[in-house]
Amino acid sequence: PLEDNNTLTYGAIRGMLAALEDPYSRFLDPEEFREFRTESEGHFDGIGAVLEARTDDTGTAQVIVSSVFPGGPASKTNMRPLDRIMKVEDRPTKGLSLNEVVRQIRGKRGTVVTLTLARDGVEGTFEVQIERANIDLPTVEQEMLDDKIGYIWLRTFNQTAASKMSEAVEDLLEQGMKGLLLDLSQDPGGILDVAVSVASIFLDGGPVVYVKGRNTEPQPLNANAGTILPQDIPMVVLVDHGSASASEILAGALQERGRADVVGHHTFGKSKVQTIIELRDGSALFLSTAVYLTPEFIDLGIEGEDGKRGVHPKHVFPDPDPDPEAEFVFDDWHRQQIDRAVQILKAKMGA
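Note on numbering: residues in each chain are counted from 1, in written sequence order. Totals for whole chains, interfaces and linings use all residues, but because this is a predicted model, local features are given only for residues with pLDDT of at least 70 and pairs of side-chain atoms are given and counted only at 80 or more. Only hydrogens and water are removed before side-chain values are computed, so all heavy atoms of the structure are retained for them.

J.: How should the pattern of salt bridges be read in this particular structure?
T.: Charged atoms that come close allow side chains of opposite charge to pair. The term salt bridge refers to a side-chain nitrogen of Lys or Arg lying within 4 Å of a carboxyl oxygen of Asp or Glu. Counted according to the given criterion, the structure contains 10 salt bridges. Among the salt bridges present, the one from Asp 120 reaches Arg 84, with a minimum N-O distance of 3.0 Å. Taken together, the residues Asp 120 in the loop between β7 (112-118) and β8 (126-131) and Arg 84 in strand β5 (residues 84-88) connect sequence positions 36 residues apart. Salt-bridge contacts for Arg 155 lead to Glu 141; the nearest nitrogen and oxygen are separated by 2.4 Å. Placement of Arg 155 in the loop between β11 (149-154) and α4 (161-174) and of Glu 141 in strand β10 (residues 140-145) is noted, with a sequence separation of 14 residues between them. Assessed through its relative accessible area of 5%, Arg 155 is described here as buried. With relative accessibility at 30%, the residue Glu 141 sits in the partly exposed group. Salt bridges here are not isolated pairs; linked through shared partners, they connect Arg 14, Glu 32 and Arg 103. Strands here are runs of E lasting at least two residues and helices are runs of H or I lasting at least four, both read from the DSSP assignment and numbered beginning at the N terminus. Exposure classes here rest on a 1.4 Å probe applied to the protein chains alone. A residue is buried below 20% of its type maximum, exposed above 50%, and partly exposed in between.

This is the structure we're talking about:
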């Protein structure tokens with residue numbers, strides 16, 4: 001029967017991809033690819049977290065939390081970015097692919113899933129129970145804070161992000177903005193070209209990121225000439241462990257090219273570029289075809305001298321208490337992060 005043939009073919013494709021030993025290369029069957037596309041548009045049922053596969057020092061693949069959507073079900077528990085998912089219900093995740101773990105976590109809204117997590121700085125493991133819900137992810141949130149400080153929270157780099165960011169910056173300029181705080185907290189990234197378009201709002205030409213293929217020299221992706229935000233308006237970018245992929249491209253470019261100070265925590269550290277190849281039956285291959293490098297040719301997926309990956313902020317904020325028993329409310333913690341970033345921006349504006 002055709003279904004059996006599909007099962008065999010899909011299994012063979014997954015096996016070949018596993019042989020690449022690249023945690024980011026994966027195969028999605030037609031149903032999984034449909035779900036992926038609805039997620040990219042910003043609404044879906046789930047726990048409200050982005051998961052990634054990553055290999056540890058021993059070469060063992062692990063599924064870890066990349067970012068937690070503020071206001072989503074996972075944000076109401078003690079789950080945090082960089083937590084490792086050890087079990088879904090009572091089933092260990094060791095040896096499972098990212099797709100398989102995601103499939104086990106997904107389910108009908110209103111139902112509860114129990115995850116066993118591990119975290120650096122915490123002995124053993126701990127459990128969180130998350131009620132699945134409909135997730136509706138806004139792209140951009142903005143407000144004018146005191147002292148004419150414009151605040152924009154970019155939540156994802158989807159197809160609408162660049163136009164919505166342009167509108168937000170123009171709106172705040174009309175209100176008399178004198179400094180800008182760009183928040184990339186818990187932004188899991190998205191489309192590479194969108195990162196370049198968003199960077200063009202702040203950078204007047206020049207490289208945003210370099211893309212390096214297996215056997216090719218790094219090729220620059222340049223910002224467009226001209227900016228929407230005048231160069232004399234000071235700018236600070238807030239990041240955390242949940243800022244990944246396109247977020248890191250943008251933060252790294254703004255910091256290395258001297259347009260903004262990056263503050264907060266080191267970012268997730270994902271530097272692989274995925275090419276999506278759609279197949280005739282509605283399935284898709286996600287293949288790592290290149291790595292991206294910052295304007296100073298840094299690969300953010302490689303650990304620095306301090307053992308950490310990602311963009312390293314100029315001003316590092318304290319991490320929350322890792323203890324799973326300690327009370328942690330993301331919204332309260334995020335507000336503290338914003339307040340700290342505002343103080344740094346005020347000092348820049350005063351200078």
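J.: Would you take a moment to explain the nonpolar core for this structure?
T.: The tendency in soluble globular proteins is for nonpolar side chains to be buried side by side. Counting 44 residues, the largest nonpolar core has Leu 182, Val 198, Phe 202 and Val 237 as its most contacted members. Breaking this core down by element, the ones donating at least two residues are β11, α4, β12 (179-183), α5 (192-199), β13 (207-213), β15 (235-239), α6 (246-256) and β18 (284-293). Between two residues, a contact is recorded if the distance between any of their heavy atoms is within 4.5 Å. Every residue in contact with Leu 182, bar those within four places of it in the chain, is listed here: Ile 152, Leu 154, Met 165, Phe 202, Met 235, Val 236, Val 237, Leu 238, Leu 250 and Leu 254. Within the second largest apolar cluster, 21 residues are counted, among which are Val 88, Leu 98, Leu 115 and Ile 130. Joining through side-chain atoms within 4.5 Å is the link that ties buried Ala, Val, Leu, Ile, Met, Phe, Trp, Tyr and Cys residues into a set, and such a set is a nonpolar core.

J.: In this structure, what is going on with the sheet that holds β15? I would like to understand it.
T.: Hydrogen bonds between backbone groups are what pair the strands of a sheet, and the pairing can be parallel or antiparallel. Taking strand neighbours across the sheet as the criterion, the 6 strands line up as β10-β11-β12-β15-β16-β19 in an open arrangement whose pairing is mixed. Two strands in the sheet have a free side with no partner beyond their single neighbour: β10 and β19 (315-316). Two strands qualify as a pair provided that DSSP identifies no fewer than 2 bridges between them. Across 5 bridges, the pairing between β11 and β12 is parallel. Bridge assignment links Ile 152 to a residue of β12, and that residue is Leu 182. Think of each axis as a best-fit line through the C-alpha atoms, taken over the contacting stretch in the case of a helix, with angles from 0 to 180 degrees between the N-to-C directions. Set on the sheet, α6 makes contact with β12, β15 and β16 (261-264); between it and β15 the angle comes to about 145 degrees.

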